[in-house]
Amino acid sequence: MGGRSGERASIEGAIKVRDRVSATEGTTEGGLQGSVDRARHREQRAAAQRRYGWRMLYRAGAMILKPVAQVLYRPAITGVDNIPPEGGVILASNHLSFIDSFAIPLVAPRKVSFLAKAEYFTGAGPLGLLRRGFFAGVGAIPVDRDSSRAAQESLDLALGVLREGGAFGIYPEGTRSRDGRLYRGRTGVGWLALTAGVPVVPVGLRGTDRIQPVGSSWPRLAKVSVAFGPPIHPETYAGMPAGRARRELTDDVMDAIAILSGQDRAAEYNAAPSSGTD
């Protein structure tokens, strides 16, 4: 009897030890998970605060910049009804000048986001605040172009804008035209449209190269026109092999841009400058 009683006591003791260990492990795991959840929550809250800050800067900047641009340049604007009032959309434009990324958002009837170097959003003091406000005011999104993942980060940012129902601006040529010709489009615009399932509105710019010619540091007064063409829908290319769909959609976008801009065509891709800012 004594042996059996001792055995039972040993078993019960072992069970109690196991339960204490399990409880301790559960507490430790719960604590770790709680720490992870709190860190994630802080990150999400900080990201939400940044987005709110950019939205406020955009609204304040747009209220100032849009009327000023209209008074100074009096741009000729056509086809704004071709831009969907809501939902994801790509605005694909020819690229003549650094000023293009400001011209389009300032005349479009809705916010249009372009990528901009992260350095434009840094800096302390009144000048840094003014610069951040200016770029946020035209819908620019900061991206680290020196990062090893710059290309992927750019695509991720663009997809994020489109999937949230925003408008994203892109230059299929990849960089500014130095000779005024319209170069062959790179298929990133086709990939974005097909991946996000959003239409592409072609845009033809004229005269922005006279506002800020290549190599010029300050803008000048010049006549500008911005033409928005009918949207090109990705559904048209459904059923095609992926590579062919990207190429054909891109080529159709470039054909439409050529009509809107009146530029001569170049059959080759536009080579990026060795030390340019595009």
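What you see as residue numbers is a count from 1 along each chain, following the sequence as written. Note on the predicted model: pLDDT of at least 70 is required for a residue's local features to be given, and 80 or more for side-chain atom pairs to be given and counted; whole-chain, interface and lining totals, by contrast, use all residues. Note that water and hydrogens are dropped before the side-chain values are worked out from all heavy atoms of the structure.

Draft legend 1. Here's a closer look at the packing of aromatic side chains. Between rings of Phe, Tyr and Trp, where Trp is taken as its six-membered ring, a pair exists when centres lie within 6.5 Å; planes separated by under 30 degrees are stacked, by over 60 edge-to-face, and by other angles tilted. Under the definition given, this model contains two aromatic pairs. Plain terms: the ring middles of Phe-98 and Phe-102 are 5.4 Å apart, the flat faces sit at 85 degrees to each other, and that makes the pair edge-to-face. Whether a residue is buried, partly exposed or exposed follows from its accessible area with a 1.4 Å probe, protein chains only, as a fraction of its type maximum: under 20%, in between, or over 50%, in that order. The exposure class of Phe-98 is partly exposed, given its relative accessible area of 27%. The exposure class of Phe-102 is buried, given its relative accessible area of 8%. Aromatic pair Phe-114 and Tyr-171: ring centres 5.4 Å apart, planes at 25 degrees, arrangement stacked. Here Tyr-171 lies in the loop between strand E5 (167-170) and helix H5 (188-196) and Phe-114 lies in strand E3 (residues 112-117), a separation of 57 residues in the sequence. Side by side, Phe-114 and Tyr-171 carry an identical accessibility label, which is buried. In DSSP terms, a helix is any run of H or I states spanning at least four residues, a strand is any run of E spanning at least two, and both are numbered starting from the N terminus.

Draft legend 2. The arrangement of the packing of H5 against helix H7 (residues 242-261) in detail. Following both chains from N to C, one finds H5 and H7 inclined at 110 degrees, their axes separated by 8 Å at the closest point. Classified by the angle between their axes, H5 and H7 sit roughly perpendicular to one another. The crossing of H5 and H7 is right-handed. Where H5 approaches H7, its residues Val-189, Gly-190, Trp-191, Ala-193 and Leu-194 are matched on the opposing element by Ala-245, Arg-246, Leu-249 and Thr-250. The residue classification treats Ala, Val, Leu, Ile, Met, Phe, Trp, Tyr, Cys and Pro as nonpolar and Asp, Glu, Lys and Arg as charged. All others, Gly included, are polar. Per-class residue counts for the contact of H5 with H7 are six nonpolar, two polar and one charged. All axes here are fitted lines through C-alpha atoms, helices being fitted over the stretch that makes contact, and every angle between N-to-C directions spans 0 to 180 degrees. Should an angle fall under 35 degrees it is called roughly parallel, over 145 degrees roughly antiparallel, and 65 to 115 degrees roughly perpendicular, with every other angle called oblique. Two helices that cross are described as forming a left-handed crossing if the nearer one is turned anticlockwise from the farther one by less than a right angle, and a right-handed crossing if clockwise. By the convention used here, residues are in contact when the closest approach between their heavy atoms is within 4.5 Å.

Draft legend 3. Structural context of the sheet that holds strand E4 (residues 140-143). In space, the seven strands of this open sheet follow the order E1-E7-E6-E2-E5-E3-E4, with mixed pairing throughout. Strand pairing shows two members of the sheet lacking a second neighbour, strand E1 (76-78) and E4, which therefore form its edges. Between one strand axis and the next, the sheet turns through 25 degrees on average, direction left out of account. Strands in contact with helix H2 (residues 100-107) are E1, strand E2 (89-93), E3, strand E6 (200-206) and strand E7 (225-228); relative to E3, the strand with the most contacts, it is inclined by about 160 degrees. Where H5 meets the sheet, its contacts fall on E2, E5 and E6, and the angle it forms with E2 comes to roughly 170 degrees. Should DSSP find at least two bridges between two strands, the strands are taken to pair.

Draft legend 4. Structural detail: the pairing of E5. Burial along E5 is two-sided: the face carrying Ala-167 and Gly-169 and the face carrying Phe-168 and Ile-170 are both buried. Across four bridges, E2 lies against E5 in parallel orientation. Counterpart to Ile-90 in the pairing with E5 is Phe-168. In terms of strand pairing, E3 meets E5 through two bridges, oriented parallel. Residue Ser-113 lies in a different strand from E5, and its bridge partner there is Phe-168.

Draft legend 5. Region of the structure containing the pattern of salt bridges. Criterion for a salt bridge: a side-chain nitrogen of Lys or Arg within 4 Å of a carboxyl oxygen of Asp or Glu. According to the stated counting rule, one finds five salt bridges in the structure shown. Notably, a salt bridge pairs Arg-265 with Asp-255, separated by 3.1 Å at the nearest N-O pair. On the criterion of sequence distance, the pair formed by Arg-265 in the segment after H7 and Asp-255 in helix H7 is long-range, its members being ten residues apart. Several salt bridges converge on common partners, so that one network encompasses Asp-179, Arg-181 and Glu-268.

Draft legend 6. View of the nonpolar core. Definition of nonpolar core: a set of buried residues of the types Ala, Val, Leu, Ile, Met, Phe, Trp, Tyr and Cys, connected through side-chain atoms within 4.5 Å. Among the nonpolar cores identified, the biggest contains 25 residues, and Leu-91, Ile-104, Val-203, Val-226 and Phe-228 are the most heavily contacted of them. Those elements giving two or more residues to this core turn out to be E2, H2, E3, E6 and E7. Broken down by element, this core gets its largest block of residues, four residues, from H2. Setting aside residues up to four positions removed in sequence, Leu-91 forms contacts with Ile-83, Ile-104, Val-112, Phe-168, Gly-169, Ile-170, Val-201, Val-203 and Phe-228.

Draft legend 7. View of the side chain of Arg-110. Locating Arg-110 in the fold gives a position in the loop between H2 and E3. Lys and Arg are tallied as positive, Asp and Glu as negative. Neither His nor the chain termini are counted. At 7.8 Å, Glu-86 is the nearest oppositely charged side chain to Arg-110, a buried residue that forms no salt bridge. Any N or O atom pair separated by 3.5 Å or less is treated as a polar contact, with the protein-specific requirement of one donor-capable and one acceptor-capable atom, and with residues adjacent in sequence counted only for side-chain atom pairs. There is a polar contact of 2.8 Å between the side chain of Arg-110 and the backbone oxygen of Pro-84. At 2.9 Å, the side chain of Arg-110 and the backbone oxygen of Gly-165 are in polar contact.

Draft legend 8. Structural detail: H5. Looking at H5, one finds that the buried residues are Val-189, Gly-190, Leu-192 and Ala-193. Viewed end-on, H5 has its buried residues packed into an arc of 165 degrees, placing them on one side of the element. Two residues or fewer past H5, Gly-197 is found with a positive phi of approximately 70 degrees. What the arc describes is the spread of directions from the helix axis to the C-beta atoms.

Draft legend 9. View of the pairing of E3. Of the pairings in the sheet, the one linking E3 to E4 comprises four bridges and is parallel in character. Opposite Lys-117, over in E4, you have Val-143 as the bridge partner.

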